[in-house]
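# A structural walkthrough
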Amino acid sequence: LLDALWNEHRSIAVVLHAMQYLVREQSTRGTKINPAVFRAILYYLDVFPERMHHPKEENYLFAAVRRKTSEADAILDELRQEHESGAASIRELEQDLLRYEEGGDKEFARFASAVEQFVDGYRQHIRKEEEGVMPIARRVLNAQDWADINAAWAQNHDPLTGVESEKEYEQVLDRIVKLAPPPIGVAR
């Protein structure tokens, strides 16, 4: 049921891991972060999850669950609020990145902390969806509901899933891979 959702969550998790990995590498090994990698990652998070993934969740999956039961209303309300504040969270992280770029090492601790909080919050958000909403959705939605949701999901693809990726997102991820050092990417 809704494999595309799981695939998109895995793709987002990979990008979150990349962010955290790069920050931790600088913290532990002194490996300087290429700000261009972070800008590309933040751009991906803005254009894919914020503009495509979350609206699909709200408009199709969550809406279908709300039509069938009020059992999930509290968690769905919480998730909606998180979706609505997602773009602002990305803007705040962009500002922390800018402070680090312009202010140098004295701003790194604040930037690293902001990345950790962002990643942890995002992971909790995904967990709420997967462990809080999906079990209810599996129980209350019927075959036609799932067919409608899957059809809506098929209209847009995440580039990390390898399924009919849209060129713009492929280019963003290609840029991340080219800019990021191993094991995240191929830059030297």
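We now turn to the structure provided with this report. The model shown is predicted, which means the values in this text are computed figures rather than measured ones.

Cut-off values and rules
- Residues numbered from 1 in each chain as written.
- Predicted model: local features only at pLDDT ≥ 70, side-chain atom pairs only at ≥ 80, totals over all residues.
- Heavy atoms only, no water.
- Helix = DSSP H or I, 4+ residues; strand = E, 2+ residues; numbered from the N terminus.
- Buried < 20%, exposed > 50% of the residue type's maximum accessible area, 1.4 Å probe, protein only.
- Lys, Arg positive; Asp, Glu negative; His and termini not counted.
- Salt bridge = Lys/Arg side-chain N within 4 Å of Asp/Glu carboxyl O.
- Contact = heavy atoms within 4.5 Å.
- Axes fitted to C-alpha atoms, helices over the stretch in contact; angles between N-to-C directions.
- Parallel < 35°, antiparallel > 145°, perpendicular 65-115°, else oblique.
- Left-handed = near helix turned anticlockwise from the far one by under 90°.
- Nonpolar A, V, L, I, M, F, W, Y, C, P; charged D, E, K, R; others polar.
- Polar contact = N/O pair within 3.5 Å; in protein donor to acceptor, adjacent residues only side chain to side chain.

## Comments concerning the side chain of Glu-129
- Here Glu-129 is to be found in helix α4 (residues 108–140).
- This buried residue, Glu-129, is left without a salt bridge; Lys-128 holds the nearest opposite charge, at 9.2 Å.
- The contact partners of Glu-129, leaving out residues within four places of it in the chain, are His-9, His-53, Glu-57, Phe-62, Leu-79, His-83 and Met-134.

## A short note on the packing of helix α1 (residues 3–29) against α4
- Packing of α1 against α4 brings their axes to within 10 Å, and their N-to-C directions diverge by 160 degrees. Between α1 and α4, the angle falls in the class roughly antiparallel. With respect to the hand of their crossing, α1 and α4 are arranged in left-handed fashion.
- For the contact of α1 with α4, a count of residues per class yields 15 nonpolar, five polar and seven charged.

## Some points on the environment of Lys-32
- With respect to the secondary-structure elements, Lys-32 resides in the loop between α1 and α2 (35–68).
- Relative accessible area serves as the criterion here: at 52%, Lys-32 is assigned to the exposed category.
- C-alpha of Lys-32 to C-alpha of Asp-105: the two residues are 73 residues apart in sequence and 9.6 Å apart in space.
- Leave out the neighbours within four places in its chain, and Lys-32 touches Gln-26, Tyr-100 and Asp-105.
- A polar side-chain atom of Lys-32 sits 2.5 Å from a polar atom in the side chain of Asp-105.

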